[in-house]
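The lines below spell out each chain.
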Amino acid sequence: MEKIMRGLILGFACVLLSSAAPAAEQGGNAPRTGRLLWIDSPNGRLALYNRIKAQLRKDGWETAGCSGMAGAEKADLSKADLICIETFRNNLSKDFYLRKLAPAVKNGAVLVLRCYHGIEKLHYYFRNYDFEVVFREDVNKKRRPSWVTSSSFVRVPRKLDLENWQTPPGIFIPDELEGWDVLARQFNASGDKEYPFIMARSWGRGMVVMTGAIRPDNMAPFLLNAYEYRKAVKRKQAEK
């Protein structure tokens, strides 16, 4: 059995798998961006997080990684500025969403959901039907965006060149599109309809960004721009 180490990371406790050994780190001369918490599935072994951690540090993030419900439950999300959750086979509980995740976002955190299935109960967990979204593996073979926003999302602080990215293997179908800020779309398999594969919406003082499983090399700059976009996302009058 793998040993589990417990430690204080960025002021929030986290369970760390010794084989993956994700640490709370920041580059010595990097600009201060914020505190980033990555929550992977229990079987993911933080592979993507470990692959891009060095770049995240260069971008100024203090980082910590946790796996599954055991790790997420021990993390103090109130200390995180950006929370990235990989949804594939990551069965986080409704209690976790309501008691820890929703308050963190409403208090100002940016939540990025890197989605490959696993979002079917999001509206139920958040008790908010604005988040009723279906994920489908219904994508065109070209795997290129059919439309990309012209907003600051694609250029601040990094130029993402999103129009040339390979799109993720899935689309989003919100029950109600109103309130979502669609940032990129792609065609379905038959090529007759466009659907979002990146979209965002404000929630309280924070923001939720949903993206498909974009390629690892694009993930670090994506997170930087997603965090900055909290300043530009459309907000309801009551949230301002």
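For the structure itself, look to the data block above.
Residues numbered from 1 in each chain as written. Predicted model: local features only at pLDDT ≥ 70, side-chain atom pairs only at ≥ 80, totals over all residues. Heavy atoms only, no water.

Right, let's talk about the overall build of the protein chain for a bit. Regarding its fold elements, the protein chain presents five helices and twelve strands. Looking at the 240 residues of the protein chain, the share that counts as buried comes to 52%. (Helix = DSSP H or I, 4+ residues; strand = E, 2+ residues; numbered from the N terminus. Buried < 20%, exposed > 50% of the residue type's maximum accessible area, 1.4 Å probe, protein only.)

Our focus in this paragraph is helix 1 (residues 47-58). Where helix 1 is concerned, the buried positions are Leu48, Tyr49, Ile52, Lys53 and Leu56. Buried residues of helix 1, seen end-on, are gathered within an arc of 160° and therefore sit on one face of the element. Counted as exposed and oriented over 90 degrees from the buried face of helix 1: Arg51 and Lys58. Buried residues in helix 1 make contact with strand 3 (34-40), strand 4 (61-67), strand 5 (82-86), strand 6 (110-115) and helix 5 (216-228). Within two residues after helix 1, Gly60 carries a phi angle of roughly 100°, on the positive side. (Arc of directions from axis to C-beta. Contact = heavy atoms within 4.5 Å.)

Time to look at helix 5. By the largest-angle criterion, Phe222 marks the main kink of helix 5, which is about 30°. The buried fraction of helix 5 is high, at ten of 13 residues. Within helix 5, the full set of buried residues consists of Asn218, Met219, Ala220, Pro221, Phe222, Leu223, Leu224, Asn225, Ala226 and Tyr227. (Bend = angle between axes of the 7 residues up to and from the residue.)

So, about the pairing of strand 11 (residues 194-203). Buried residues dominate strand 11, accounting for nine of its ten residues. Here six bridges tie strand 10 (residues 181-187) to strand 11, and the two strands are oriented antiparallel to one another. Residue pairing in the sheet places Val182 in a bridge with Met199 of strand 11. Hairpin remark: strand 10 followed by strand 11, antiparallel, with six residues in the connecting loop; positive phi at Gly191, about 75°. With six bridges connecting them, strand 11 and strand 12 (residues 206-212) associate as antiparallel partners. Its bridge partner being in strand 12, Met199 is matched across the sheet by Met210. (Pairing = 2+ DSSP bridges.)

In this chain, Val156 is followed by Pro157 through a cis amide linkage whose omega measures 0°. With respect to the helices and strands, Pro157 occurs in the loop between strand 8 (147-148) and strand 9 (171-174). The phi dihedral of Arg143 is positive, around 50°, even though this residue is not glycine. Mapped onto the fold, Arg143 is located in the loop between strand 7 (133-136) and strand 8.

What follows covers the packing of helix 1 against helix 5. To describe two helices that pack against each other, one gives the angle between their axes and the distance between the axes. It is at 9 Å that the axes of helix 1 and helix 5 come closest, and there the two elements cross at 50°. Judged on the interaxial angle alone, helix 5 and helix 1 are oblique. As helix 1 packs across helix 5, the resulting crossing turns out to be right-handed. In contact with Leu48, Arg51, Ile52, Gln55 and Leu56 of helix 1, helix 5 contributes Pro216, Asp217, Met219, Ala220 and Leu223. Residue composition of the contact of helix 1 with helix 5, by class: seven nonpolar, one polar and two charged. (Axes fitted to C-alpha atoms, helices over the stretch in contact; angles between N-to-C directions. Parallel < 35°, antiparallel > 145°, perpendicular 65-115°, else oblique. Left-handed = near helix turned anticlockwise from the far one by under 90°. Nonpolar A, V, L, I, M, F, W, Y, C, P; charged D, E, K, R; others polar.)

Taken in spatial order, the eight strands make up an open sheet running 4-3-5-6-12-11-10-8, and their pairing is mixed. This sheet does not close on itself; its edge strands, each paired only once, are strand 4 and strand 8. Pairing of strand 3 with strand 4 involves seven bridges; the strand directions are parallel. Each residue of the ladder has a partner; that of Trp38, found in strand 4, is Gly65. Across the sheet, helix 1 lies against strand 3, strand 4, strand 5 and strand 6, angled at about 170° from strand 4, the strand it touches most.

Attention now moves to the pattern of salt bridges. Per the counting criterion, the structure on display carries eight salt bridges. The salt bridge involving Arg201 is made with Asp130; its shortest N-O contact spans 3.5 Å. Note that Arg201 is positioned in strand 11 and Asp130 in the loop between helix 4 (122-126) and strand 7, a separation of 71 residues in sequence. The exposure class of Arg201 is buried, given its relative accessible area of 4%. (Salt bridge = Lys/Arg side-chain N within 4 Å of Asp/Glu carboxyl O.)

Let us now look at the environment of Ser41. Structurally, Ser41 can be placed in the loop between strand 3 and helix 1. Exposure remark for Ser41: the relative accessible area of 5% places this residue in the buried category. For the pair formed by Ser41 and Gly71, sequence separation is 30 residues and the distance between their alpha carbons is 9.6 Å. Sequence-distant contacts of Ser41, defined by excluding residues within four places in its chain, comprise Ser67, Gly68, Glu86, Phe88, Arg89 and Asn90.

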